[in-house]
Amino acid sequence: MTRHELPPGLSASAAAQGFRFFQNPLSFLDQCVEQFGDLFTIQFPGSRKQVCLSNPEDLKEMYTGSPDLLHAGEAAGSVFSPLTGWNCTLTLDGEAHARRRELVQAPFRGGHVERHAGAMYAIATAAIERWPRTGRFPLQPQMQDIALRIIFRTVLGLDDTAPGHARFLKLISQVASLGMGSKMLLIPALRWDLGPLSPWGRIVRIVRDTDALLFAEIARKRTDPNLATAEDVLSLLIRGEGKDGLRLTDQEIRDETVALLIAGLETTAVALTWVAERLMALPDVRERLRAELEPLHSNGELDVSRLTALPYLDAVLKESLRSRSLSPICGGRVLKAPMRLREYELPADTVLINSPYLLHRRRDLYSEPDDFRPERFLGSPPSAHKWTTFGGGNRRCLGQKFALLELKVVTSAMVLQTGLELATPRVVPKADGIHLVPASGLPVRRGTCPYAKAAAAS
Ligand code: HEM
């Protein structure tokens, strides 16, 4: 029997659900799954009803369904459009999305991405050198700094020698953290520009200032004699040509760049922090990883071109991304027509969301899910709808290859260069905007590192 009905959900008001979710998203989701099973409905203030999926069969339907029925751009745009606009890969849908994605994906394909490995390694090793030698310090801001400098260099083609680089770095880090952290983006009713001191007014001005720098950089690059050979993403977007022969306008390049900053900066920084946490908490894993890296490391130099071939490093990262989900929920799709899912006929305008947190902890998919076991992924890559860190289907993360390379390079630099130790007995995840981050920024201290000693002695 077909029913036009949503799966069950909490009877609390949207405001109460929103409050509880932002207080503690994990216990909110745990309670829902315990009460209703792996398909339930939630609602937050000012937003549509959301059906939360964490079963691989349901996720397959969502990720492989028709892009005309399932609008991911509309879902993303309802949150991010104040920063990105509605005309970029992240917020477009249908044919326009497919055409744009083809163009913007080119710099993130194999071949292009690997060329950034050397720069990523140089940035990571220089940053690690600057970490405090004594005492406790929070690791998360350090990882944010590395991810920021990597994106500045590889996406914008800029480094510390660029005029005004410090202000540019500050602004893009503010835009990226707004994208991931601001409740005003998640709750449109809070968006009131009451001047530069009001919370939304501040955001509007940060975006305006960043735009001025981005447009100036696009104009500079267009006349740069090195444009034809430059490998940074911005230059490739300027040079890029779609199948229809069309090129991106300055406004479109600006929107795509902001979308890449929002999608790619905080995500990678948080992932790096959790990988570091796992390695500090699990010395056996760390030592096995160090042994795998050793043959690639001589005279203080690492052969980064061989990192992508290391099976244990790859498995450690995938297991870290499984066991420490960056976002409790992600990947919204707005239904443009009713959709059948199990015994439900979901009405148009419902939003489907994925909970990687719930999916990646399913006992029927991952035995003893609380254990950290990279071996799960050794020789058997994660299957599409059972491991959804990067989403799926036609909206799968466009920067996945880039992100995994960055995780591999920075993690290797960290394992080889430092003997980092946890400076807190218990690491608790806490919600920060749409991300789960270690509480207190993950306090750490430097310990001893055999490789650092060898380098100092030689
Ligand atoms: C560990 C790091 C990262 C994680 C976990 C991550 C995760 C995701 C997820 C879950 C989605 C939504 C997919 C869906 O709805 O099916 C997404 C989309 C996207 N990501 Fe990433 N991401 C990461 C890094 C990056 C980086 C480094 C970039 C680029 C610099 C990037 C660019 C994008 C873009 C442009 C989209 C939108 C794709 C589209 O709608 O067609 N991401 N990412």
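Below is a summary of the structure that appears in this document. (Residues numbered from 1 in each chain as written. Predicted model: local features only at pLDDT ≥ 70, side-chain atom pairs only at ≥ 80, totals over all residues. Heavy atoms only, no water.)

**What to know about the environment of Ser66**
Under the convention used in this document: Helix and strand definitions follow DSSP, with helices as H or I runs of at least four residues and strands as E runs of at least two, each counted in order from the N terminus.
Mapped onto the fold, Ser66 is located in the loop between α3 (56-64) and β3 (70-71). Taking the C-alpha atoms as reference points, Ser66 and Pro283, 217 residues apart in sequence, are found 45 Å from one another.

**With respect to the pattern of salt bridges**
The condition is simple: Think of a salt bridge as a Lys or Arg side-chain nitrogen and an Asp or Glu carboxyl oxygen that are within 4 Å of each other. When accessible area is computed with a 1.4 Å probe and restricted to protein chains, residues below 20% of their type maximum are described as buried, those above 50% as exposed, and intermediate ones as partly exposed.
For the structure on display, the rule yields 37 salt bridges. Measuring nitrogen to oxygen at the nearest pair gives 2.7 Å for the salt bridge that ties Asp38 to Arg362. Of this pair, Asp38 sits in the loop between α2 (25-36) and β1 (39-42) while Arg362 sits in the loop between α15 (356-359) and α16 (400-417); the two residues are 324 residues apart in sequence, bridging distant segments of the chain. Classification of Arg362 by relative accessible area gives buried; the value is 15%. Salt-bridge contacts for Arg48 lead to Asp349; the nearest nitrogen and oxygen are separated by 3.2 Å. On the criterion of sequence distance, the pair formed by Arg48 in the loop between β1 and β2 (50-53) and Asp349 in the loop between β9 (344-346) and β10 (351-354) is long-range, its members being 301 residues apart. Beyond isolated ion pairs, a larger network of salt bridges with shared partners links Asp38, Asp58, Arg342, Arg362 and Asp364.

**Considering the packing of helix α7 (residues 139-154) against α16**
Put simply, the test is: Note on geometry: axes are lines fitted to C-alpha atoms, helical ones only across the stretch in contact, with angles between N-to-C directions running from 0 to 180 degrees. Oblique is the label for any angle not under 35 degrees, not over 145, and not in the 65 to 115 range, which are roughly parallel, roughly antiparallel and roughly perpendicular in turn. In a left-handed crossing the near helix is turned counterclockwise from the far helix by less than a right angle, and in a right-handed crossing that turn is clockwise. In this description, contact between two residues means that some pair of their heavy atoms is separated by no more than 4.5 Å.
Between α7 and α16, the shortest axis-to-axis distance is 12 Å and the interhelical angle comes to 130 degrees. Put simply, α7 runs oblique to α16. The way α7 lies across α16 gives a crossing that is right-handed. Between α7 and α16, the contacting residues are Met143, Ile146, Ala147, Ile150 and Thr154 on the first element and Phe402, Glu406, Val410 and Met414 on the second.

**Overview of the site of the ligand**
As a reminder, the rule being used: Here a residue is near a molecule or strand as soon as one of its heavy atoms is found within 4 Å of it. We define a polar contact as two N or O atoms separated by no more than 3.5 Å, with the added condition that, inside protein, one atom must be a possible hydrogen donor and the other a possible acceptor, whereas residues neighbouring each other in sequence contribute only through side-chain atom pairs. Three classes are used, and their members are as follows: Ala, Val, Leu, Ile, Met, Phe, Trp, Tyr, Cys and Pro are nonpolar, Asp, Glu, Lys and Arg are charged, and the others, Gly among them, are polar.
Around the ligand lies a shell of 26 residues, among which His97, Arg101, Arg333, Arg395 and Cys397 are the nearest. One of the side-chain N or O atoms of His97 is found 2.7 Å from an oxygen atom in the ligand. For the ligand, an oxygen atom lies 2.9 Å from a polar atom in the side chain of Arg395. Listing elements by their share of the shell around the ligand, those giving two or more residues are α5 (94-105), α12 (250-281), β7 (330-335) and α16. Here the shell around the ligand gets six residues from one element, more than from any other, and that element is α12. Looking at the shell around the ligand residue by residue, the classes come out as 13 nonpolar, 10 polar and three charged.

**Topic: the side chain of Arg322**
With respect to the helices and strands, Arg322 occurs in helix α14 (residues 311-323). Among the polar contacts made by the side chain of Arg322, one reaches the main-chain carbonyl oxygen of His360 at a distance of 2.7 Å. Setting aside residues no more than four positions away along its own chain, Arg322 makes contact with His360, Tyr366, Pro369, Asp371, Arg376, Phe377 and Trp387.

**Side note on the sheet that holds β1**
The condition is simple: Two strands pair if DSSP finds at least two bridges between them.
Across the sheet, five strands lie side by side as β1-β2-β10-β7-β3; this open sheet has mixed pairing. Strands with a single pairing partner mark the edges of an open sheet, and in this sheet they are β1 and β3. Pairing of β1 with β2 involves four bridges; the strand directions are antiparallel. Bridge pairing links Ile42 to Gln50 in β2.

**Focus on the packing of aromatic side chains**
Stated precisely, the cut-off is as follows: Two rings belonging to Phe, Tyr or Trp (six-membered ring only in the last case) form a pair when the distance between their centres is within 6.5 Å. Interplanar angles under 30 degrees mark stacking, angles over 60 mark edge-to-face geometry, and anything in between is tilted.
Scanning the model with the defined rule gives 10 aromatic pairs in all. Look at Phe108 and Phe402: their rings are 5.9 Å apart centre to centre, the planes differ by 70 degrees, and that puts the pair in the edge-to-face class. On the criterion of sequence distance, the pair formed by Phe108 in the loop between α5 and α6 (117-130) and Phe402 in helix α16 is long-range, its members being 294 residues apart. Comparing Phe108 with Phe402, the two get one shared label, buried. On the basis of an interplanar angle of 55 degrees and a centroid distance of 6.0 Å, the ring pair of Trp131 and Phe137 is categorised as tilted. Put simply, the rings of Phe21, Phe22, Phe28 and Phe44 touch in pairs and so form one group of aromatic residues.

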